[in-house]
Amino acid sequence: MKKLYILLFLIIVIPITCWASFKPIRVIAPEFSGVKCLTQLICVEDETQLAKVKQLYSKAMKQLENDIDNIQNKPRVVFCSTEECFNYFGLYKQKAATLATFGIVLSPRAWENEYLVHELIHHLQHERLGLTKVWFSTPDWFMEGMAYSLSKDPRAELAEPWQGYRNKFDTWYATINKSEKWLSAKKL
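Residues numbered from 1 in each chain as written. Predicted model: local features only at pLDDT ≥ 70, side-chain atom pairs only at ≥ 80, totals over all residues. Heavy atoms only, no water.

Caption draft 1: The packing of helix α2 (residues 50-67) against helix α4 (residues 113-129), seen in detail. Packing of α2 against α4 leaves a shortest axis separation of 9 Å and a crossing angle of 55°. Our classification of the angle between α2 and α4 gives oblique. The element α2 and its partner α4 pack so that their crossing is right-handed. Contacts from L56, Y57, K59, A60, M61, Q63 and L64 in α2 reach N113, L116, V117, L120, I121 and L124 in α4. For the contact of α2 with α4, the class distribution of residues is ten nonpolar, two polar and one charged. (Axes fitted to C-alpha atoms, helices over the stretch in contact; angles between N-to-C directions. Helix = DSSP H or I, 4+ residues; strand = E, 2+ residues; numbered from the N terminus. Parallel < 35°, antiparallel > 145°, perpendicular 65-115°, else oblique. Left-handed = near helix turned anticlockwise from the far one by under 90°. Contact = heavy atoms within 4.5 Å. Nonpolar A, V, L, I, M, F, W, Y, C, P; charged D, E, K, R; others polar.)

Caption draft 2: A look at α4. Between its first and last C-alpha, α4 extends 24 Å over 17 residues, near the 24 Å set by a 1.5 Å rise per residue. The element α4 is extensively covered by neighbouring structure, given that 16 of its 17 residues are classed as buried. G130 occupies a position one or two residues after α4 and carries a positive phi of about 90°. (Expected span 1.5 Å × (residues − 1). Buried < 20%, exposed > 50% of the residue type's maximum accessible area, 1.4 Å probe, protein only.)

Caption draft 3: Representation of the nonpolar core. In terms of nonpolar packing, the biggest core is built from 38 residues, with F79, L106 and F142 touching the most fellow members. Every element with two or more residues in this core is listed here: β2 (42-44), α2, β3 (77-79), β5 (103-106), α4, α6 (140-150), α7 (162-173) and α8 (181-186). Core analysis: the next-biggest nonpolar cluster, separate from the first, contains eleven residues, C80, C85, F89 and A97 among them. (Core = buried A, V, L, I, M, F, W, Y, C linked by side-chain atoms within 4.5 Å.)

Caption draft 4: Summary view of the pattern of salt bridges. Across all of its chains, the model carries six salt bridges by this definition. The salt bridge involving E47 is made with K36; its shortest N-O contact spans 3.8 Å. Here E47, found in the loop between β2 and α2, pairs with K36, found in strand β1 (residues 36-37); they are eleven residues apart in sequence, far enough to count as distant. Within this structure, D69, E127 and R128 form a network of salt bridges that share partners. (Salt bridge = Lys/Arg side-chain N within 4 Å of Asp/Glu carboxyl O.)

Caption draft 5: Examining the packing of aromatic side chains more closely. Within the structure shown, the criterion is met by ten aromatic pairs. A centroid spacing of 5.4 Å and a plane angle of 90° characterise the contact between F142 and W172, whose relative ring orientation is edge-to-face. Residue F142 is found in helix α6, and its partner W172 is found in helix α7; the two are separated by 30 residues along the sequence. Accessibility classification places F142 together with W172 in one group, the buried group. (Phe/Tyr/Trp six-rings, centres within 6.5 Å; stacked < 30°, edge-to-face > 60°.)

Function cannot be inferred from these measures alone, as they are strictly geometric.
Here it is as structure tokens:
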């Protein structure tokens, strides 16, 4: 009986501890932040922005699928209208973040096509390469370089190290067979 109590305690305490201490995990249930998930894939802080974010999501997804690859499991995207909403997910200084294949959170500073495509590319990288490979052995230049390059980020020059990552990715990408990009990426 004592083991059952310990197990029940752990089942209750571990999720609460994760929720409180690792805020990005909150993307799994963004509704607790005051965000409303009005579709399976789109959550908004401000419901009046739904038409705008649906259009942004659709445009970004179309660009990704036309230019790069199809996503197997389309991610949920949380569109925060305020920095307070974004900070609830523990992301603070960033403009946007992809949390593995759990979802994407955009700050109000990232409601542009290139930012969402950038984050969708990270989601796609996690799908195609696997979480363990991405987290432990995929080079930063590939992860960020691909996202900045293939999202068609309009900035001619990025701050370092991002510009260097984009340049290194572009050099690598020019040497591979595009239809085998994920196989080539797994060898990095």
